[in-house]
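Observations on the model geometry
Residue strings, one per chain:
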Amino acid sequence: MLTGRHVVLGVTGSIAAYKAVGLLRRLTERGAQVTVVMTAAAKRFVTPLTFQALSRRPVYDDLFDPRDEILHLSLAQAADLFLIAPATANTLARLAAGSANDLLSSLALSARCPVLLAPAMDAVMWEHPLVQRNLDALRGIGVGIIPPESGPLASGLVGPGRLAAEDVILAAVEARLESSGPWVGAHVVVTAGPTREAIDAVRTITNRSSGKMGYALADAARVRGAMVTLITGPTDLPVPVGVDVVAVETAEEMRRAVLDRIDKTTILLMAAAVADYRPKVSSPGKLKKSGSAIAIELVPTPDILGEVAALRTETFVVGFAAETDRLVERAIEKLHRKQLDLIVANDVSRPGIGFGADDNEVTMIDRTGAVMPLPRLPKRVLADRILDHIHAIRLQERPSPPPST
Ligand code: PMT
């Protein structure tokens, strides 16, 4: 979810320093590269070795590190986000004063990426006017403050000062990275799940799509900063956060929802398994069981991608091809017939991947004919790989700016 993003995690000398260990773990689980920077006081609570083992990266604590004499500048340059959790009252004061007397404070002065602070201290300190003044000063220069929670404190007091919960800090990190992500300004439309075509009032024709692939793509695009619309057929998945959800049932409803938005769509990802046929007639009531065979006449549904292609918009169009045999050959045929920019050929011939599964195995083929097979991966990981590939193609296609005179 944070794949490819580099977070510098600053840890300062609070009793809550041990909570930074859990935070580091959650950030790395989400795919972030995390470099830990500690103050001298933080090392009295947790050893650097703990952070080093979990981040698999060196932990820095010395402004005069012999490995890099301009460490504060190199770290600041590489960071997508600088998070200090926990941030003590002393840290807030040093940062508000523009002090640069150790690595962490020098880094804060050098950082041009978003800076987030999660303070932790006793309630009496938190409520002190000088602490509040420092917080105001930091907010005033655009530093994000994740307020502490209220609850029992190490002093025995109950009040505000406990480091915010891991989930709250992670949500703030994601939100900050989203608004600074590479896809800020892009409108991504994702279709997901099956469509359902009525036979009668209670019976339908549908398929085994769970929506997991499309929802994973929507989430990956959201994390990159895109404005995301998820057009979803019926699924059991929870409504994703931070995404505009349009619930549809039939292929015709999905067609309408896609075409209504196509003018403003930067990237269209058609991961839905749209029904190819629907009953010609759908009975308004429940068909009675007669005991003998019945025939249901099926007629084709609209080809949504075909219609999008005919509009010849600027949209980067990605189709999926669910195939049980001749995967690449059939996908290339669909890529050309539907005039796609990219097709994700989905092997649905084996259990454990494809429809309904948590994992997927695909081959991506672009308009130049380049074929990129990917191994079996969890759908959320795969979503990132697909978006990385789209990003790379679009960067190549974007004309370079005219040389400056
Ligand atoms: O939802 P999950 O359980 O996570 O499973 C994911 C998936 C297997 C459904 C997904 O990865 C996938 O492969 N989706 C495409 C399934 C499909 O309908 O493939 P197709 O080869 O029939 O269609 C080719 C493309 O045309 C698709 O992008 C489809 O959305 C689109 N289409 C199909 C029919 C139609 N009437 N209009 C369309 O635009």
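Calculation notes
Position labels on residues start from 1 in each chain and follow its written sequence. The predicted nature of this model means local features are confined to residues of pLDDT at least 70 and side-chain atom pairs, given and counted, to a pLDDT of 80 or more, with totals for whole chains, interfaces and linings taken over all residues. Neither water nor hydrogens contribute to the side-chain values; these are computed over all heavy atoms in the structure. Only DSSP runs of H or I with at least four residues qualify as helices, and only runs of E with at least two residues qualify as strands; both kinds are numbered from the N terminus onward. Type-normalised accessible area, obtained with a 1.4 Å probe on protein chains alone, sets the label of each residue: buried when under 20%, exposed when over 50%, and partly exposed for intermediate values. In this analysis, two residues are considered to be in contact whenever any of their non-hydrogen atoms come within 4.5 Å of each other. Note on areas: Shrake-Rupley, 1.4 Å probe, and residue coverage restricted to the protein chains presented here. In this tally, Lys and Arg are treated as positive and Asp and Glu as negative; His is ignored, and so are the chain termini. The atom standing in for a charge is NZ when the residue is Lys, CZ when it is Arg, CG when it is Asp and CD when it is Glu. A single heavy atom is enough: if one lies within 4 Å of a molecule or strand, its residue is considered near that molecule or strand. Identification of polar contacts relies on pairs of N or O atoms within 3.5 Å, with a donor-acceptor requirement for protein atoms, meaning one able to donate a hydrogen and the other able to accept it, and with residues adjacent in sequence counted only if both atoms are side-chain atoms. Cavities and pockets were defined on a 1 Å grid built from protein atoms only: a cavity is a group of points that admits a 1.4 Å probe but offers it no way out, a pocket is an open group of points flanked by protein on both sides within 12 Å along at least five of seven lines, and a lining residue is one with an atom within 4 Å of any such point. The rule for placing a molecule in a cavity or pocket is simple: more than half of its atoms must lie within 2 Å of the grid points. Two strands are said to pair when DSSP picks up at least two bridges between them. Seen with its strands pointing away from the viewer, a crossover is right-handed if its path from the first strand over the helix to the second goes clockwise. Axis angles are defined between N-to-C directions and span 0 to 180 degrees, where every axis is a line fitted to C-alpha atoms and, for a helix, only to the segment in contact. This arc is built from the directions going out from the helix axis to the C-beta atoms. Grid points are joined across faces, edges and corners, and a volume is the space filled by probe spheres set on the points. Amino acids are sorted into nonpolar (Ala, Val, Leu, Ile, Met, Phe, Trp, Tyr, Cys and Pro), charged (Asp, Glu, Lys and Arg) and polar (every other residue, Gly among them). An automatic or database domain assignment supplies the residue ranges for each domain. Patch rule: a residue counts if its relative accessible area is over 30% and it has no salt bridge; like charges are joined within 9 Å, and nonpolar side chains (Val, Leu, Ile, Met, Phe, Trp, Tyr) within 5 Å. Salt bridge, as used here: a side-chain nitrogen of Lys or Arg that lies within 4 Å of a carboxyl oxygen of Asp or Glu.

1. Some details on the overall build of the chain
Of the regular secondary structure elements, the chain holds 13 helices and 21 strands. The buried share among the 405 residues of the chain stands at 50%. The long-range share in the chain, meaning contacts at least 24 apart out of those at least 6 apart in sequence, stands at 66%. Accessible surface for the chain amounts to roughly 19700 Å². Of this, 55% is attributable to carbon and sulfur atoms. Separation of charge centres in the chain, based on 45 positive and 44 negative side chains, amounts to 3 Å.

2. What about the site of the ligand?
Around the ligand, the surrounding shell holds 29 residues, and the nearest of these are Ser209, Ser210, Lys334, Asn346 and Gly356. Taking alanine 271, its main chain carries an N or O atom lying 3.0 Å from a nitrogen atom of the ligand. Residue glycine 356 places a main-chain N or O atom 2.6 Å away from an oxygen atom belonging to the ligand. Compared with its free state, where it exposes 770 Å², the ligand has 95% of that area covered by protein. Placement of the ligand is best described as lying within the largest pocket. Among the elements of the structure, α9 (212–223), α11 (304–311) and β16 (316–323) are those that each provide at least two residues to the shell around the ligand. Ranked by the residues each element gives to the shell around the ligand, the list is headed by β16, at four residues.

3. Things to note about the pairing of strand β2 (residues 33–38)
Extensive coverage of β2 is indicated by the burial of five of its six residues. Two elements, strand β1 (residues 6–11) and β2, share six bridges in a ladder whose sense is parallel. By the bridge assignment for β2, leucine 9 is matched with valine 36. Following the backbone out of β1, through helix α1 (residues 19–29) and into the adjacent parallel β2, one traces a crossover that is right-handed.

4. Brief notes about the sheet that holds strand β5 (residues 144–145)
Taken in spatial order, the five strands of this open sheet run β2-β1-β3-β4-β5, and their pairing is parallel. Of all the strands in the sheet, the pair left with one neighbour each is β2 and β5. Contacts from helix α5 (residues 103–110) reach β1, β2 and β3 (81–87) within the one sheet, and its direction differs from that of β3 by about 140°.

5. Regarding helix α3 (residues 71–78)
Residues of α3 that are buried include every one of Leu71, His72, Leu75 and Ala76, and no others. In an axial view of α3, the angular spread of the buried residues amounts to 125°, which keeps them on one side of the axis. Against β1, β2 and α5 lie the buried residues of α3.

6. Describing unusual backbone geometry
A cis geometry characterises the amide bond from alanine 85 onward to proline 86, with omega recorded as 0°. Structurally, proline 86 is set in strand β3. Phi at arginine 56 is positive, roughly 55°, even though this residue is not glycine. Checked against the element boundaries, arginine 56 lands in the loop between α2 (48–55) and α3. Judged by its relative accessible area of 75%, arginine 56 falls in the exposed class. In the Ramachandran plot, glutamine 339 falls in the positive-phi region, its phi being about 50° despite a non-glycine side chain.

7. Notes on the layout of surface pockets
Roughly 790 Å³ of internal volume is contained in the largest pocket. If you trace the largest pocket, you find 40 residues lining it, with Ala272, Ala273, Val274, Phe320 and Ala322 closest to the centre. For the lining of the largest pocket, the secondary structure elements donating two or more residues are α9, α11, β16, α12 (327–337) and β17 (342–347). Residues that form the lining of the largest pocket fall into these classes: 21 nonpolar, 12 polar and seven charged.

8. Overview of α5
Most of α5 sits out of view: six of its eight residues are buried. Turning to α5, its buried residues are Leu103, Leu104, Ser105, Ser106, Leu107 and Ser110.

9. A closer look at the sheet that holds strand β20 (residues 371–373)
The strands that make up a sheet are held in pairs by hydrogen bonds between backbone atoms, and each pair lies either parallel or antiparallel. Strand order across the open sheet formed by eight strands is β12-β11-β8-β13-β16-β17-β19-β20, with mixed pairing between neighbours. The sheet terminates laterally at β12 (244–247) and β20, the two strands that pair on one side only. Taken pair by pair, the neighbouring strands of this sheet meet at an average axis angle of 15°, ignoring direction. With five bridges connecting them, β17 and strand β19 (residues 362–366) associate as antiparallel partners. In the strand pairing of β19, alanine 345 is matched with threonine 363. The strands touched by α12 are β16, β17 and β19; relative to β17, the strand with the most contacts, the crossing angle is about 150°.

10. Considering the domain arrangement of the chain
Segmenting the chain into domains produces domain 1 (6–177) and domain 2 (187–283 + 298–397). Computed from C-alpha atoms alone, the centre-to-centre distance between domain 1 and domain 2 is 40 Å.

11. Describing the environment of valine 115
Relative to the helices and strands, valine 115 is located in strand β4 (residues 115–119). Exposure remark for valine 115: the relative accessible area of 10% places this residue in the buried category. Each C-alpha atom of the pair valine 115 and alanine 79 lies 10.0 Å from the other, and the pair is 36 residues apart in sequence. Discounting chain neighbours no more than four positions away, the residues touching valine 115 are Phe82, Val143, Gly144 and Arg176.

12. Regarding a nonpolar patch on the surface
A surface patch of nonpolar side chains, about 470 Å² in accessible area, is lined by Tyr277, Leu287, Ile294, Ile296 and Leu298. Summarising the element assignment, isoleucine 294 is placed in the loop between β14 (277–279) and β15 (298–300). Judged by relative accessible area, isoleucine 294 falls into the exposed class, the value being 61%.

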